[in-house]
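Observations on chain architecture
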Amino acid sequence: MYLSTDSVSGPEGFGWWGDMVSRAVMPVSMASEHAAHFKGEVIALELADTAFSAFSFSPMSARRTPSHIRTSDPENYFLFLVHGSPIGLEQRRNNVLLRAGDVALFDTSQPLVCDFQGHGRNPRVSILRLPRAAVPLPSDKTDRLVATPLTTRTGSGALLTSYLAGLRENAAHCGPTELHRLGAMALELAITFLAARLDTSPTLPVESRQRVLLARINAFIDHNLHEPDLGPATIAAHHHISIRLLHALFEEEPETVSATIRRRRLERSRADLVDPRLRHRTIGEIADRWGFRHPAAFSRTFREAYGISPTEARSALHDKQPCTPR
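In this text, all values refer to a predicted model and were calculated from it rather than measured experimentally. (Residues numbered from 1 in each chain as written. Predicted model: local features only at pLDDT ≥ 70, side-chain atom pairs only at ≥ 80, totals over all residues. Heavy atoms only, no water.)

1. Quick notes on the overall build of the chain
Looking only at helices and strands, the chain has 12 helices and 11 strands in total. Oriented by its inertia axes, the alpha-carbon framework of the chain measures out at about 65 × 50 × 30 Å. Counting all 326 residues of the chain, 49% fall into the buried class. Across the chain, every contact between residues at least 6 apart in sequence was considered, and the portion connecting residues at least 24 apart equals 68%. (Helix = DSSP H or I, 4+ residues; strand = E, 2+ residues; numbered from the N terminus. Buried < 20%, exposed > 50% of the residue type's maximum accessible area, 1.4 Å probe, protein only. Contact = heavy atoms within 4.5 Å.)

What follows is the structure, given as structure tokens:
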């Protein structure tokens, strides 16, 4: 869902934004030097047991008081990733200045002050809702993490930030079932990331560790589609697991490992075929770029998936006819 102050007349935009934030995140009091001509937009996604939102807006400050908490407390943590200008966050006597690329946590059950600074560009932030009931970690220890910089220079941190960035960019192309699965993985990645900060990883449920492993495997597949030898054996060896365990991880997924690789290669190939910027590349070059060794096999697989040949898909670019799966 996309929302923007452009749908509201200028002077009323700031009030509209405050109401939207109160509904989507939590009730707060806001102030801004740009209130008269405030601009803001958000992409909001309701996912499995969580929600993801990507915000961009004029500089402002927000304050959550005990009165706000008594009125409405959704009892959520929010993990957020800073993209634009610095953000000052104060909660539980912690005070931190976060810059682009930093990750932090805040809690709806405690007062906070948040200062979204300008510095010549609008603040941009992605936030992931973590319901307290869905976080299987000691709450007293997790509370100590709020308003502290959480390093992402770890395996789980790098994977989480990459995953959230990809969700921000690609969620619009996902259907409800796929969004449900993506939300579940986002939640598991966030929990694993926080558990590592608390050094409580061994207490995570087996299901959580398996979901994180599955997310790592999916990221590995996406980054290696160009490798012709990418397959179950390669993936299992890279992640130090057996091929049998790899197939077991995919039993609850809508596709097998091999089918997932094939579908993603076809999707990348189709996107390249209809991209005007890549018209100078031959169909064979595009097929090779995405791991298809034999042009004839690529053409046959493409037709089975989309009902038309790669040549016809490229011709559709002239006619502006979409190429969609059967």
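2. Topic: the nonpolar core
Formed by 35 residues in total, the largest nonpolar core has its most connected members in Phe52, Leu79, Leu105, Leu130 and Leu194. Put simply, the parts of the chain that give this core at least two residues each are β3 (40–47), β4 (50–57), β6 (76–82), β9 (103–107), β11 (124–131), α4 (155–170), α5 (176–198) and α6 (206–223). (Core = buried A, V, L, I, M, F, W, Y, C linked by side-chain atoms within 4.5 Å.)

3. Describing the pattern of salt bridges
Scanning the entire structure with this criterion turns up 13 salt bridges. Two residues, aspartate 6 and lysine 39, come together in a salt bridge whose shortest N-O distance is 3.5 Å. Of this pair, aspartate 6 sits in the loop between β1 (2–4) and α1 (13–24) while lysine 39 is found in the loop between β2 (29–31) and β3, placing the two residues 33 residues apart along the sequence. According to the relative accessible area criterion, lysine 39 is partly exposed, its value standing at 47%. Between arginine 289 and aspartate 272 there is a salt bridge, with its nearest N and O atoms 2.7 Å apart. (Salt bridge = Lys/Arg side-chain N within 4 Å of Asp/Glu carboxyl O.)

4. Describing the side chain of serine 156
Tracing the backbone through its elements, the reader meets serine 156 in helix α4. What makes serine 156 buried here is its relative accessible area of 17%.

5. Quick look at the environment of histidine 294
Assignment of secondary structure puts histidine 294 in the loop between α10 (283–289) and α11 (295–306). Taking the relative accessible area as the measure of exposure, histidine 294 reaches 55% and is therefore exposed. Put simply, histidine 294 and glycine 284 are 10 residues apart on the chain and 8.3 Å apart in space, counted from C-alpha to C-alpha.

6. Digging into the pairing of strand β7 (residues 87–91)
Extensive coverage of β7 is indicated by the burial of 4 of its 5 residues. As judged from the 5 bridges shared by β7 and strand β8 (residues 94–98), these two strands associate in the antiparallel manner. Pairing of glutamate 90 across the sheet is with asparagine 95, part of β8. Taken together, β7 and the strand that follows it, β8, pair antiparallel across an intervening segment of 2 residues, in which arginine 92 is found at a positive phi of about 50°. Here β7 runs beside strand β10 (residues 112–116); their pairing, made up of 5 bridges, is antiparallel. By the bridge assignment for β10, glutamate 90 is matched with valine 113. (Pairing = 2+ DSSP bridges.)

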